[in-house]
Amino acid sequence: MADSMEQRTLNAYLQALFDTDKAAALKVIQESLDDGMAPEKVIFDIVVPGMERMIGGMISTDNLITLSQHFLASQIAEEVTDRLIPLFASAPEVQGHVVIGTSHGDFHGLGKKIVSGCLKARMFQVTDLGINVAPERFVEAALSANAQVIGISSMMIHTATGERGPKRVRQLLNEQGLEHKMRIIVGGAPYRFHDNLFREVGADAWADTAAEAPAVVARLVKELRS
Amino acid sequence: MTTGLDRFGALLTGATPDRVPIVCNLLDQGAGELGVSLKHYYSSGDLVAEGQVRLREKYGYDTLLGMFYSALEAEVLGCRNIVYADDGPPNVGHLAIGRPEDIGKLHVPDDLNDHPRFRQLTHCIRMLKQESQGRWPVLGVVTASFSLPSMLMGIGQWMDLFLNGDIQLRDRLLELCSQFCSRQITALREAGADLIVYVDPVASATFITPAKFRELALPWVIRDLEDPGPAGVVFFNGGGKINPILADLKEHTGIGAYYLNPYDDIAEARNILGPQALIAAAINDIRLIDWSPQEIDREVEGIMQAGKRAGGFAFGTLLMPFRIPEPNIRALVDAAIKHGSYGDGLP
């Protein structure tokens, strides 16, 4: 019975995300809390599966999952996670720390924002450096936060492949002897049009969708810890 | 000599040209031709026109592109900082709409030529028109009202506003952007643009569902084209898939030409649009950076075969990255000329 109620809640939440109706999605969340669902269950049984099914494009038979749906699913996940984590019965285990930003000269923040929401909902700590981030800043911030992973988003080919982009971050990690401590993940439109580009720019990995990012980051963190 | 205008003219009247017309969207590469920095290049309509003419002569494609960079539109509407790179397009470095109340302060000039950079753009188009002498269609490029706010306030803020924000504020912003778009189409036509490339990535099926497109974006496509009219307008995907919205565009807008995304199926597009529409199929031009000439040839051949099967069409690129090596641009155009021939007389 409880399962079917959860399923109905998840279905209602997915429908709201599909319709990009933020008010309806937040209403579903609030009603679940009001009905006594634990904050942990709301996050892990509703918000995270909703986000991953939406962003992963696995909802119903309609494969036209769009960036606006990704954006909303991630935005709500981030907001609700921030609000509900303090209400957890015990502090959640942090999966790792990611410093994220868009590459130098790039002012497109959407992809990074979507990924950030997905990571937070999966219990990663995220330091968002914003847009147009210098390579030195990525490394300084990662060192300062003791982050395991640097995430660099690029929307344009020249900011993905340029000398002030991920390549320079890789070079800095190498020069400062940090390669055994940190990994680089990249994402953004150029990588979707070119399978091998992430290697050319010196990254350790890339994620095709924001929904895949937590699993890829988790793998990188595991590599470092093993 | 058969010219680009002859080829497009043939397609638009249902005739078969000698070969598929080739649209090669090279922009920043013009600065390289002239040996100047991108910042210097885009300061002058004369330089951009000269760069475009040289590029067309060098590679032999069929159009002249009367465009500087997308961020120019934000500049005209109040963006105070354009960030230049050595190896890619200038970018918006300041958002004209930082807070919702800035929407009320947005000013659309009555005469866009009052803005010095826009004046350079229209001067460039006039120069291209003159240089063309009726041989090569001059393309003007405008961003649709539904996509323009992403350059003014950032795409995340724009999505917040159009999906779940204040409807009056959203509509006020779109009215201003639509006014700007319509005036721009008129100004570019007056300067000599033969075709207007209408760029609407945020309306594409990559960004919003077809239902949201019908509800939110389509009315603004109609509004943008109401005054200037849809003749000679090409709906450009802007990097997003557009097949799912073609039927609505066809039914409601009067647009007769559509520029597909590399991931749109041209046969499907033809089925939706019918035999009259001009369809341009685009190659994935990021791969041109490192494909070999043989790979380029194979890829172009595939697109040409699919395009010819689908009926009259043009072959094109998106905006070609600066890093594509010259030999690969040559390989692209050579392959398009070779495989685009209608020597067999069959479309």
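Further up the page is the structure itself.
The present account deals with the structure reproduced in this document. In this text the structure is predicted, and so the values were computed from the model without any measurement. Residues take numbers from 1 onward in each chain, read along the sequence in its written order. The order in which chains are written sets their letters, starting at A; the order in which ligands are written sets their numbers, starting at 1. pLDDT decides what is reported in this predicted model: residues at 70 or higher carry local features, side-chain atom pairs at 80 or more are listed and counted, and totals for whole chains, interfaces and linings draw on all residues regardless. Side-chain measures here rest on the full set of heavy atoms in the structure, leaving out hydrogens and waters.

## Observations concerning the overall build of chain A
For clarity, the threshold we go by: Helix and strand assignments come from DSSP, with helices taken as H or I runs of at least 4 residues and strands as E runs of at least 2, each series counted from the N terminus. Each residue is assigned to one of three classes by its accessible area relative to the maximum for its type, calculated with a 1.4 Å probe on protein chains only: buried under 20%, partly exposed between the two thresholds, exposed over 50%. A contact between two residues is defined here by any heavy atoms of the two lying within 4.5 Å. Only the protein chains shown count as cover for residues, and all accessible areas are computed by the Shrake-Rupley method using a 1.4 Å probe.
Scanning chain A from N- to C-terminus turns up 11 helices and five strands. Overall size of chain A, expressed as C-alpha extent along the three principal axes, is 60 × 40 × 25 Å. Counting only residues that meet the buried cut, chain A has 55% of its 226 residues in that class. Counting only contacts in chain A whose residues sit at least 6 apart along the sequence, the fraction spanning at least 24 positions is 72%. Total accessible area on chain A stands at roughly 9,600 Å², and carbon and sulfur atoms take up 51% of it.

## Details of the interface of chain A and chain B
Threshold: Buried area, as used here, totals the accessible surface that two parts lose on assembly, with accessibility defined by a 1.4 Å probe and the loss added over both. Whenever a carboxyl oxygen of Asp or Glu lies within 4 Å of a side-chain nitrogen of Lys or Arg, that contact is scored as a salt bridge. Any pair of N or O atoms that falls within 3.5 Å is considered a polar contact. Within protein, one atom must be able to donate a hydrogen and the other to accept it, and sequence-neighbouring residues count only if both atoms are side-chain atoms. Each residue receives one of three labels: charged for Asp, Glu, Lys and Arg, nonpolar for Ala, Val, Leu, Ile, Met, Phe, Trp, Tyr, Cys and Pro, and polar for the others, Gly being one of them.
Across the boundary between the two partners, chain A contributes 29 residues, which contact 31 residues of chain B. Where chain A abuts chain B, roughly 2,500 Å² becomes buried across the two surfaces, and 64% of that area is made up of carbon and sulfur atoms. Its largest share of buried area at the contact with chain B, chain A owes to A:Phe107, A:His158 and A:Phe193, together 27% of the area lost on that side. The tally of links between chain A and chain B comes to zero salt bridges. The interface formed by chain A and chain B holds nine residue pairs in polar contact (both at pLDDT 80 or more) in total. If you list the elements that add at least two residues to the side of chain A that touches chain B, you get helix 2 (22-34), helix 4 (67-84), helix 7 (157-161) and helix 9 (189-192) of chain A. The element contributing the most residues to the side of chain A that touches chain B is helix 4 of chain A, with six residues. Class assignment for the residues of the side of chain A that touches chain B results in 11 nonpolar, 11 polar and seven charged.

## Things to note about helix 13 (residues 293-309) of chain B
Residues and elements named next belong to chain B. What counts is decided by this rule: By this rule the span expected of a helix is its residue count minus one, scaled by 1.5 Å. The reported arc concerns the directions from the helix axis to the C-beta atoms and nothing else.
Compared with the 24 Å implied by 1.5 Å per residue over 17 residues, the 24 Å span of helix 13 between its first and last C-alpha is a close match. Along helix 13, the positions that sit buried rather than exposed are Ile296, Asp297, Val300, Ile303, Met304, Gly307 and Lys308. Down the axis of helix 13, the sector holding all buried residues measures 135°, keeping them to one side. Facing away from the buried surface of helix 13 by more than 90 degrees, the exposed residues are Gln294, Arg298 and Arg309. Lining the buried residues of helix 13 we find helix 12 (266-273), strand 9 (278-282), strand 10 (313-316) and helix 14 (326-339).

## Points about the sheet that holds strand 4 (residues 183-187) of chain A
Across a sheet, paired strands are connected by hydrogen bonds in the backbone, their directions being either parallel or antiparallel. All names here are of chain A. In plain terms, the rule: A pair of strands is considered paired only if DSSP assigns at least 2 bridges between the two. Orientation is described by lines fitted to C-alpha atoms, with helices fitted over the stretch in contact, and by angles between N-to-C directions that extend from 0 to 180 degrees.
Judged by pairing direction, the sheet is parallel, and its five strands sit side by side in the order 2-1-3-4-5 without closing on themselves. At either end of the open sheet lies a strand with only one pairing partner, and these are strand 2 (125-128) and strand 5 (205-206). Here strand 1 (residues 97-102) pairs with strand 2 via four bridges, running parallel. In the strand pairing of strand 2, Val98 is matched with Val126. With respect to the sheet, helix 8 (residues 166-175) is in contact with strand 3 (149-153) and strand 4, its orientation differing from that of strand 4 by roughly 175°.

## Overview of the side chain of A:Lys22
Residues and elements named next belong to chain A. Here Lys22 is to be found in helix 2. Residue classification places Lys22 among the buried positions, given a relative accessible area of 17%. Within the structure, Lys22 has its side chain in polar contact with the side chain of Gln75 (distance 3.3 Å).

## Some details on helix 8 (residues 155-164) of chain B
In terms of burial, helix 8 of chain B is largely enclosed, as seven of its 10 residues are buried. Buried residues of helix 8 of chain B: B:Ile155, B:Gly156, B:Trp158, B:Met159, B:Leu161, B:Phe162 and B:Leu163, and no others. Elements that come into contact with the buried residues of helix 8 of chain B comprise helix 4 and helix 5 (110-121) of chain A together with helix 7 (149-153), helix 9 (167-191) and helix 10 (210-226) of chain B.

## Considerations on the pairing of strand 9 of chain B
Residues and elements named next belong to chain B. Note the cut-off: Whether a crossover is right-handed depends on one test, that the path from the first strand over the helix to the second runs clockwise when the strands point away from the viewer.
Buried residues dominate strand 9, accounting for five of its five residues. Residues of strand 9 alternate between two faces, with Leu278, Ala280 and Ala282 on one and Ile279 and Ala281 on the opposite face, all of them buried. Bridge analysis of strand 9 against strand 10 gives four bridges, and the strand direction is parallel. Bridge pairing links Ala282 to Gly316 in strand 10. Each parallel crossover has a hand, and for strand 9 linked through helix 13 to strand 10 it is right-handed.

## Digging into the packing of aromatic side chains
Think of a pair of aromatic rings as described by two things: how far the centres are apart, and how the planes are tilted against each other in angle. All names here are of chain B. Note the following rule: By convention, a stacked pair of Phe, Tyr or Trp rings (six-membered ring in the case of Trp) has centres within 6.5 Å and planes under 30 degrees apart, an edge-to-face pair has planes over 60 apart, and any other such pair is tilted. In this analysis the charged atom, NZ for Lys or CZ for Arg, is taken to sit over a ring once it is within 6 Å of the ring centre and within 35 degrees of the ring normal.
In this structure the tally under the stated criterion is 12 aromatic pairs over all chains. Here Tyr69 and Tyr84 contribute two aromatic rings whose centre-to-centre distance is 6.4 Å and whose plane-to-plane angle is 80°, an arrangement assigned as edge-to-face. Pair noted here: Tyr69 is in the loop between strand 2 (64-66) and helix 5 (71-76) and Tyr84 is in the loop between strand 3 (82-83) and strand 4 (91-92), with a separation of 15 residues, a long-range link. Here the aromatic cluster, defined as three or more aromatic residues joined through ring pairs, consists of Tyr41, Tyr42, Phe68, Tyr69 and Tyr84. It is Arg56 that lies over the ring of Trp136; its NZ or CZ is 3.6 Å from the centre. For the cation-ring pair, Lys308 lies above Tyr342, with the distance from its terminal atom to the ring centre recorded as 5.3 Å.

## Notes on the environment of B:Ala193
Residue and element names in this part refer to chain B. Assignment of secondary structure puts Ala193 in the loop between helix 9 and strand 6 (195-199). Overall, the relative accessible area of 10% leaves Ala193 in the buried class. Between the alpha carbons of Ala193 and Pro219 there is a distance of 25 Å; along the sequence they are 26 residues apart. Not counting residues within four places of it along the chain, the set of residues in contact with Ala193 comprises Ile125, Val138, Gly140 and Leu188.

By themselves, these observations are geometric and do not establish any function.
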